[in-house]
Amino acid sequence: MTDNEQFEPVIIGFTCNWCSYRAADLAGTARIKYPPNIRLIRMMCSGRLDPTFVLKALAGGADGVLITGCHPGECHYLEQNYKAMRRYLLLRRVLTQMGIEAQRVKLVWASAAEGVKLAEEITKMVEEIRALGPLQWNSKQLSVNSEQISDDRSLFTAHSSQEVTA
Amino acid sequence: MSANSAKPKFAMYWAASCGGCEIAVLNIHEKILDVDANFDVVFWPVAMDAKYKDVQAMPDGAITLTLFNGGIRNNENEEMAHLLRRKSKILVAFGSCATEGCIPGLANFSSPQDIFEAAYATVSTDNPQNVRPQFRYTMPEGELRIPEFYPVLRTLDQVVKVDYYMPGCPPESHQIAAVIDLVIAALQGKAQLPPPGSTIGVGDSTVCDECKRARNEKTIKQFVRIQNLQVIDPALCLLEQGIPCNGPATRSGCGALCPLAGAQCIGCYGPAAGVVDYGARLMTAFASVIDSKDPEEVEHILDGLPDPAGQFYRFNLAGSLLRAAKPAWGK
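Source: prediction; values computed, not measured.

A.B. asks: Can you help me understand the overall build of chain B in this one?
C.D. replies: On a plain count of helices and strands, chain B comes out with 13 helices and nine strands. Computed over the C-alpha atoms, the radius of gyration of chain B is 22 Å, within 12% of the 20 Å expected from 2.2 N^0.38 for a compact globule of 331 residues. Overall, chain B is about 70 × 60 × 30 Å in size when its C-alpha atoms are taken along their principal axes. Each of the 331 residues in chain B was classed as buried or not, and the buried ones make up 44%. In chain B, the proportion of contacts linking residues at least 24 apart, taken out of those at least 6 apart, comes to 76%.

In structure tokens:
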């Protein structure tokens, strides 16, 4: 990416089958625009959201993760969205300790009627993450993995050459 | 210990580790005689004199079984990992450090600068000239090199291919004895080794399944540090008492030693089978049982876990999905 190109964040969005996925669907049918930076994944419920999914998305190169679900009290499975909320609050603390900015992982409630709200939240999040810059966790890991020990950096070659001179 | 005998060859090596794994191996008592009867110990720095160049001189694949403990912290560790991989038929990531990073892996929360600052410049360190280790140092006699510190500690399988994993900090001695028995039986054609990539010397469930404490529907209103409790119910699940016990995500195999002794499981046996990210599994487990629907109250309850990342990744940071915190990766 050169300086004059705009950074386009990649955001993974987890949506629930009963509310927020339908909100995204509604945004589509109503032709409400939101940036194409988000890749939505549908789950049956936000309570299905294992923090593993978020970590895997970030470790795999996503710049941010949006978790969405039904409003409190409106979960199709009674109270699983409260579990999602508690997991999110705990995950956010862990991510902060890992040095990942809190804005990169968000929890938003959206009912099936809130296509406009969801589109606004997505737009807002894309701009916030654009301002933060890329996370690039996967390239960090790749660069560590590809380190090779050249003879110049080897301890073994250093030892053997010393033995020759001794 | 004759290198010329026809017995299969055994090696054990320590990289970034504390030496507890070696003690655990010696702690198999008279079983160590079986090791000597069935193997030639060709390389084991803690127990016998041997040089790296002796290993370099062996033909590739000459060592039948190598137990490698410790994480990859510097280039000496990494070169030995590559060397022993080449020379070994069966390479076992032995103990928590080699399998998932363990306590040395906690340095992955910090930048290398901060680690050196803590090691060489804090008030408890007597270092008036502020001496820091130099990877290279040129003297009149020639150049000296010491192992070069890497910013991120890696697990063994992040560096070379590993045949088997044996977790534990350290692995329990009865598990080590069982694995050695199995390898000997396999060498004699009396048993089959598990498929490559398997985790060995463990149970197939969680610590909770081995724990005898009574379990009920969990609802937690507060997390408490075990040292702040006056009374601990001896028969009730520790997590139900608000003590952050890592049993629900941790692999069985230890016999639930800690919870049965009244201390919470800290997770040294690593992730249970099927767990992708150990910390994430614990986040799920802990957050699910918090008894509140009010975000503010949840935050207040979570304050009872002062160091969640340390709690959830005490042994598993280097082996987790994120592997290290941002400062360790650098820019």
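A.B. asks: What exactly am I supposed to notice about the overall build of chain A here?
C.D. replies: Broken down by element type, chain A carries six helices and four strands. From first element to last, N terminus to C terminus, chain A shows the α and β order β-α-β-α-β-α-β-α-α-α. Within chain A, buried positions represent 44% of all 166 residues.

A.B. asks: Before we go on, may I ask you to explain the nonpolar core in this structure?
C.D. replies: Across soluble globular proteins, nonpolar side chains show a tendency to be buried alongside one another. With 134 residues, the main nonpolar core has Ile11(A), Leu58(A), Val65(A), Tyr13(B), Phe68(B), Ala93(B) and Met283(B) as its most contacted residues. Mapping this core onto the domain boundaries places at least three of its residues in each of domain 1 (9-104 + 151-187) and domain 3 (207-327) of chain B. Setting aside residues no more than four positions away along its own chain, Ala93(B) makes contact with Phe68(B), Ala98(B), Thr99(B), Leu156(B), Asp157(B), Val162(B), Tyr165(B) and Met166(B).

A.B. asks: Help me understand the environment of Gly274(B) in this model?
C.D. replies: Looking at the element boundaries, Gly274(B) is found in the loop between α9 (257-260) and α10 (278-288). Along the backbone, Gly274(B) and Ala249(B) are 25 residues apart, and their C-alpha atoms lie at a distance of 10.0 Å.

A.B. asks: I keep staring at the packing of helix α2 (residues 51-59) of chain A against α10(B) and nothing clicks. Help me out?
C.D. replies: Each pair of packed helices can be summarised by the angle the axes make with each other and by the distance between the axes. Packing of α2(A) against α10(B) brings their axes to within 8 Å, and their N-to-C directions diverge by 145°. When the axes of α2(A) and α10(B) are compared, the crossing they make is right-handed. Taking contact as the criterion, the partners of Pro51(A), Thr52(A) and Leu55(A) in α2(A) are, on α10(B), Ala280(B), Met283(B) and Thr284(B). Looking at the contact of α2(A) with α10(B), its residues break down into four nonpolar, two polar and no charged.

A.B. asks: Looking at this model, I keep getting lost on the sheet that holds strand β2 (residues 38-43) of chain A. Mind explaining?
C.D. replies: In any sheet, the strands associate via hydrogen bonds between backbone groups, in a parallel or an antiparallel arrangement. Residues and elements named next belong to chain A. Read from one edge to the other, the open sheet built from four strands follows the order β2-β1-β3-β4, with strand pairing classed as parallel. The strands lining the two open edges of the sheet, one partner per strand, are β2 and β4 (105-109). The average angle at which neighbouring strand axes cross in this sheet is 20°, direction not considered. Summarising the sheet, strand β1 (residues 11-16) and β2 pair through six bridges and their orientation is parallel. Across the sheet, Cys-16 pairs through a bridge with Met-43, a residue of β2. In the packing of helix α4 (residues 115-132) onto the sheet, the strands contacted are β1, β2, β3 (64-69) and β4, and the crossing angle to β3 comes to about 160°.

A.B. asks: How should I be thinking about the interface of chain B and chain A in this particular structure?
C.D. replies: Accessible area lost upon the coming together of the parts is a frequently used measure of interface size. Taken together, the contact pairs 38 residues of chain B with 35 residues of chain A. Within the residue set of the side of chain B that touches chain A, elements represented by two or more residues are α4 (75-87), β7 (142-145), β8 (149-154), α10, α11 (295-302), α12 (308-312) and α13 (326-329) of chain B. Tallying contributions element by element places α10(B) first for the side of chain B that touches chain A, with seven residues. Among the residues forming the side of chain B that touches chain A, the class breakdown is 20 nonpolar, six polar and twelve charged.

A.B. asks: Help me understand the packing of helix α1 (residues 20-29) of chain A against α4(A) in this model?
C.D. replies: Residues and elements named next belong to chain A. Close contact between α1 and α4 brings their axes to 8 Å; oriented N to C, the two are set at 90°. As judged from the angle between their axes, α1 and α4 are roughly perpendicular. Here α1 contributes Ser-20, Ala-23, Ala-24, Leu-26 and Ala-27 to the contact with α4, which in turn contributes Gly-115, Leu-118 and Ala-119. Here the contact of α1 with α4 is composed, by residue class, of six nonpolar, two polar and no charged.

A.B. asks: Teacher, can you tell me more about α11(B) here?
C.D. replies: Spacing of three or four residues puts side chains on the same side of an α-helix, whose turn is 3.6 residues. Three or more residues of α11(B) are buried, namely Val298(B), Ile301(B) and Leu302(B). Down the axis of α11(B), the buried set is contained in an arc of 100°. They therefore lie on one face. The inward-facing, buried residues of α11(B) contact α3 (80-97) of chain A.

A.B. asks: Quick question: what am I supposed to make of the sheet that holds strand β1 (residues 9-14) of chain B here?
C.D. replies: Residues and elements named next belong to chain B. One open sheet accounts for five strands, arranged β2-β1-β3-β5-β9; its pairing is parallel. Two strands in the sheet have a free side with no partner beyond their single neighbour: β2 (40-43) and β9 (164-166). Mean inter-strand twist for the sheet, computed between neighbouring axes without regard to direction, equals 25°. In this sheet, β9 lies alongside strand β5 (residues 88-94) in parallel orientation, the contact comprising three bridges. When the bridges of β9 are listed, Ala-93 appears paired with Tyr-165.

A.B. asks: So what exactly am I meant to see when it comes to the domain arrangement of chain B here?
C.D. replies: All names here are of chain B. The assigned domain composition of chain B is domain 1 (9-104 + 151-187), domain 2 (111-150) and domain 3 (207-327). For domain 1 versus domain 2, the separation of C-alpha centres amounts to 28 Å. Contacts between domain 1 and domain 2 engage six residues on the former and five residues on the latter. At the level of elements, β4 (72-74), α4 and β8 are the ones that each hand at least two residues to the side of domain 1 that touches domain 2. Partitioned by chemical class, the residues of the side of domain 1 that touches domain 2 number two nonpolar, two polar and two charged.

A.B. asks: Can you help me understand unusual backbone geometry in this one?
C.D. replies: Leaving glycine aside, a negative phi is the common case for residues, and trans is the common case for peptide bonds. That bond from Cys169(B) to Pro170(B) is cis: its omega, -10°, falls within 30 degrees of zero. Examined against the element boundaries, Pro170(B) turns out to sit in the loop between β9 and α7 (173-187). The backbone phi angle of Gln136(A) is positive, close to 55°, even though this residue is not glycine. Inspection of the secondary structure assignment puts Gln136(A) in the loop between α4 and α5 (137-145). Judged by the 13 C-beta atoms lying within 10 Å of it, Gln136(A) falls in the partly exposed class.

A.B. asks: Where do I start with the confidence of the model for chain B in this structure?
C.D. replies: Interpretation of this model should avoid reading the predicted coordinates in detail wherever pLDDT is low. Counting all residues, the mean pLDDT for chain B is 94, and 98% of those residues have values of 70 or more. Prediction confidence for the complex, expressed as pTM and ipTM, is 0.92 and 0.93 respectively.

Cut-offs used in this document
Here the residue numbering is sequential within each chain, running from 1 through the sequence in written order. Each chain gets a letter, beginning with A, and each ligand a number, beginning with 1, in the order they are written. Thresholds applied to this predicted model are a pLDDT of at least 70 for local features of residues and 80 or more for the giving and counting of side-chain atom pairs; totals over whole chains, interfaces and linings are not thresholded and use all residues. Only DSSP runs of H or I covering at least 4 residues are called helices, and only runs of E covering at least 2 are called strands; the numbering of each starts at the N terminus. Here the globule rule is a power law, 2.2 Å times the number of residues to the power 0.38, and the radius of gyration is based on C-alpha atoms. Residue burial is a threshold on neighbouring C-beta atoms within 10 Å of the residue's own C-beta, all placed from the backbone, with 20 or more meaning buried, 12 or fewer meaning exposed, and counts in between meaning partly exposed. Each residue gets a C-beta atom placed from its backbone, and two residues are in contact if those atoms lie within 7 Å. Defined on buried residues, the nonpolar core groups Ala, Val, Leu, Ile, Met, Phe, Trp, Tyr and Cys residues joined through C-beta atoms within 7 Å. Either an automatic procedure or a domain database provided the assignment from which the domain bounds are taken. What counts as an axis is a line fitted to C-alpha atoms, over the stretch in contact for a helix, and the angles between N-to-C directions run from 0 to 180 degrees. With the far helix as reference, a near helix turned anticlockwise by less than a right angle produces a left-handed crossing, and one turned clockwise produces a right-handed crossing. Nonpolar residues are Ala, Val, Leu, Ile, Met, Phe, Trp, Tyr, Cys and Pro. Charged residues are Asp, Glu, Lys and Arg, and all others, Gly as well, are polar. In this scheme, strands are said to pair when DSSP sees at least two bridges between them. Here the angle decides the label: under 35 degrees means roughly parallel, over 145 means roughly antiparallel, 65 to 115 means roughly perpendicular, and every other value means oblique. Read the arc as the range of directions from the helix axis to the C-beta atoms. A score between 0 and 100, pLDDT records how confident the predictor is in each residue.

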